[in-house]
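Here's the letter readout for the chains.
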Amino acid sequence: MSAQFPSYRGTMKYRCLSCSSTYGIDSLLYTCPECKSVLMLEDTNFSSLRARSGREWRELFDARAASKRTALRGIFRFYELMAPVVEEQDIVYLGEGNTPVVEASPALQAKVGARFAFKNDGQNPSASFKDRGMACAFSYLRALVRLQGWDDVLTVCASTGDTSAAAALYASYVGAPVKSVVLLPHGKVTPQQLAQPLGSGATVLELPGVFDDCMKVVEFLADHYRVALLNSKNSWRILGQESYPFEVAQWYDWNMENMCIFVPVGNAGNITAMMNGFLKLHYLGIIETLPRLFGVQSHHADPVYRYYAAPEATREYAPVKVQPSVAQAAMIGNPVSFPRVQHLVDRYKAIGGERSFQVIQVTEQAIMDAMLEANRHGHIACTQGGECLAGLQGAKALGLVDESEFSVLDSTAHALKFMDFQNKYFTNSLDAAFGVTPKKELQNAPELLLTEAESATLGESGFVLESCRRIAERLQLSEK
Ligand SMILES: *Cc1c(COP(=O)(O)O)cnc(C)c1O
Ligand SMILES: [Zn+2]
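These figures come from a predicted structure and were not determined experimentally.

Details of the site of ligand 1
- Residues in contact with ligand 1 amount to 14 residues; listed here are only the nearest, Lys130, Asp162, Asn267, Asn270 and Thr412.
- Between ligand 1 and Ala268, the relevant distance is 2.8 Å, taken from an oxygen atom to a main-chain nitrogen or oxygen of the residue.

What about the packing of helix H3 (residues 130-148) against helix H4 (residues 162-174)?
- Running from N to C, H3 and H4 point in directions that differ by 40 degrees, and their axes come no closer than 9 Å. Classified by the angle their axes make, H3 and H4 are oblique. Handedness of the crossing formed by H3 with H4: right-handed. Across from Lys130, Asp131, Met134, Ala135, Phe138 and Arg142 in H3, the residues of H4 making contact are Asp162, Thr163, Ala166, Ala167, Leu169, Tyr170, Ala171 and Val174.

Quick notes on the sheet that holds strand E3 (residues 39-43)
- Strand order in this open sheet of three strands is E2-E1-E3, and the pairing throughout is antiparallel. The sheet terminates laterally at strand E2 (22-24) and E3, the two strands that pair on one side only. Taken pair by pair, the neighbouring strands of this sheet meet at an average axis angle of 35 degrees, ignoring direction.
- Bridge analysis of strand E1 (residues 12-16) against E2 gives three bridges, and the strand direction is antiparallel. The residue bridging Lys13 from the neighbouring strand is Gly24, located in E2.

Some words on the side chain of His300
- Counting through the fold element by element, His300 comes out in the loop between strand E11 (292-298) and helix H10 (303-309).
- When its relative accessible area of 12% is taken as the criterion, His300 is described as buried.
- At 2.7 Å, the side chain of His300 and the backbone oxygen of Pro324 are in polar contact.
- Excluding residues within four positions of it along the chain, His300 makes contact with Val322, Gln323, Pro324, Ser325, Glu364, Ala433 and Phe434.

Quick look at the packing of aromatic side chains
- By the definition in use, this model includes 19 aromatic pairs.
- Plain terms: the ring middles of Phe76 and Tyr79 are 6.2 Å apart, the flat faces sit at 45 degrees to each other, and that makes the pair tilted. One exposure class covers both Phe76 and Tyr79, and it is buried.
- Among the aromatic residues, ring-to-ring pairing joins Trp57, Phe61, Phe78, Phe246 and Trp254 into one connected group.
- Here Arg50 stacks its cationic end above the ring of Tyr283, 3.9 Å away from the centre of that ring.
- It is Lys280 that lies over the ring of Phe46; its NZ or CZ is 5.9 Å from the centre.

As for the pattern of salt bridges
- With the rule as written, the count across this model stands at 23 salt bridges.
- Across the pair Asp302 and Arg306 runs a salt bridge whose closest N-O atoms are separated by 2.8 Å.
- Residue classification places Arg306 among the partly exposed positions, given a relative accessible area of 48%.
- As a salt-bridge pair, Glu466 and Arg469 come within 2.8 Å of each other at their nearest N and O atoms. One end of the pair, Glu466, and the other, Arg469, are both in helix H16 (residues 459-475), three residues apart, so they sit about a helical turn from each other.
- Take Glu466: its relative accessible area is 15%, and that puts it in the buried class.
- Residues joined by salt bridges that share partners form a network here, namely Glu454, Glu466, Arg469, Arg470 and Glu473.

With respect to the coordination of the zinc ion (ligand 2)
- Surrounding the zinc ion (ligand 2) are the protein donor atoms Cys16 (SG), Cys19 (SG), Cys32 (SG) and Cys35 (SG), which sit 2.3 Å from the metal.
- Each of the four donor atoms around the zinc ion (ligand 2) contributes to a set of angles spanning 96 to 119 degrees, which defines the coordination as tetrahedral.

Description of the domain arrangement of the protein
- Taken domain by domain, the protein consists of domain 1 (101-124 + 238-441) and domain 2 (448-480).
- Look at where the C-alpha atoms of domain 1 and domain 2 centre, and you get two points 46 Å apart.

Structural notes on the sheet that holds strand E8 (residues 203-207)
- Read from one edge to the other, the open sheet built from four strands follows the order E8-E7-E6-E9, with strand pairing classed as parallel. Strand pairing shows two members of the sheet lacking a second neighbour, E8 and strand E9 (228-229), which therefore form its edges.
- Pairing between strand E6 (residues 153-158) and E9: two bridges, direction parallel. Along E9, the bridge assignment pairs Val156 with Leu229.

What counts, and where the lines are drawn
Residues numbered from 1 in each chain as written. Chains lettered and ligands numbered in written order. Predicted model: local features only at pLDDT ≥ 70, side-chain atom pairs only at ≥ 80, totals over all residues. Heavy atoms only, no water. Near = heavy atom within 4 Å. Polar contact = N/O pair within 3.5 Å; in protein donor to acceptor, adjacent residues only side chain to side chain. Axes fitted to C-alpha atoms, helices over the stretch in contact; angles between N-to-C directions. Helix = DSSP H or I, 4+ residues; strand = E, 2+ residues; numbered from the N terminus. Parallel < 35°, antiparallel > 145°, perpendicular 65-115°, else oblique. Left-handed = near helix turned anticlockwise from the far one by under 90°. Contact = heavy atoms within 4.5 Å. Pairing = 2+ DSSP bridges. Buried < 20%, exposed > 50% of the residue type's maximum accessible area, 1.4 Å probe, protein only. Phe/Tyr/Trp six-rings, centres within 6.5 Å; stacked < 30°, edge-to-face > 60°. Lys NZ or Arg CZ within 6 Å of the ring centre and 35° of its normal. Salt bridge = Lys/Arg side-chain N within 4 Å of Asp/Glu carboxyl O. Donors = N, O, S within 2.8 Å, 3.2 Å for Na, K, Ca; no water. Tetrahedral: all angles 85-135°; square planar, octahedral: opposite > 155°, others 65-115°. Domains from an automatic or database assignment.

Next up, the structure:
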């Protein structure tokens, strides 16, 4: 039996985090028209949801987890906490969300000296967590198109690779009148990430520079032309990404005691969603404690780390000029969502305590080594997943996590998207600017046993015999 579609409808508004002005949602807004600060979406009826007890919410969401109703199978399982203004017919579902939490192999946990699991967000349809936000943004866009009779919608985004892959995928599914354009920093996305929007039929435009440069262009575009911006300035994406903390809490039976969450920080949209999501669950009594949240940044792109590492009295935000990072999807020097982080950290710490939010800095070397180590133990971590593991190792070394705690690491994309970095590590051909020296024991390479020319002289039975002889020799097999 299909669960009922929820009857609750919220009243959603954009709220400016700087001047607190609110704006209706009947048009697409990315920044405050008054003061240009970033916005967040809120349901002004949210407190009415407290009429249901935490226990009733838990039971409802648990029951819904079995639903075969398409609109409720993905991130909208948590409809009331998500975007409760979208009608069922507008919800886009491409299989996103509900990604597996895979406990780290016993050998890896022993090696790291900590208890932890990966949540494989690379098992989303376009192979990164960005699909969560896109599912929400496109559902809302579909509603707008339907209600306002728009006949031409051009969606644009700048990307470190995964946003464009997700945007192009959802746009191609939704189809007319929605068309997708993506803007990429030339040569700064992996071949797999470039192939994705091309395959989805998006218009792919490239500019020299890094992500931060493309972002400036896209922002100017969105201010001056009729386009729908799909970067995380688009607050609907943040909402969709809140499904990650909801799923983590649900998976652990809504008990977040002694839990640590590790998340890579690039544009800081994801960590914003983590905080906001867990705060919502806590406010409604669905969870009783907030998990401890660890943002992780590479020393080559660490503006958020630098800010929080400074003593509170002297903290001043400054963008950094990024250096090449293998955690390329998080290689951002001026995170768009930084004001959102600042805004939420105070609320998060007020409830969870001083130790409930921290930012860890890791080296490029540690990121690569951690990714490869994880994947040699049966995982499918991307470089950003490796960054999370390096973050856990770093936090442990600093004495910030203890034996009684369990960590969930966000492997934000699929390993296959970042194979270029693995290949370059294996062949020691990473540019010196990354500052990574491959460890022999983590390298691997195919071994050619027979050349074409040798093979040509052997004939069919000779080929099998000679191949087996060389394999037996290579592996030192004993005859039976
Ligand atoms: C976008 C992205 C990040 C960074 O997330 P933010 O929300 O920008 O902080 C990390 N990992 C992957 C794989 C990504 O695609
Ligand atoms: Zn404002």
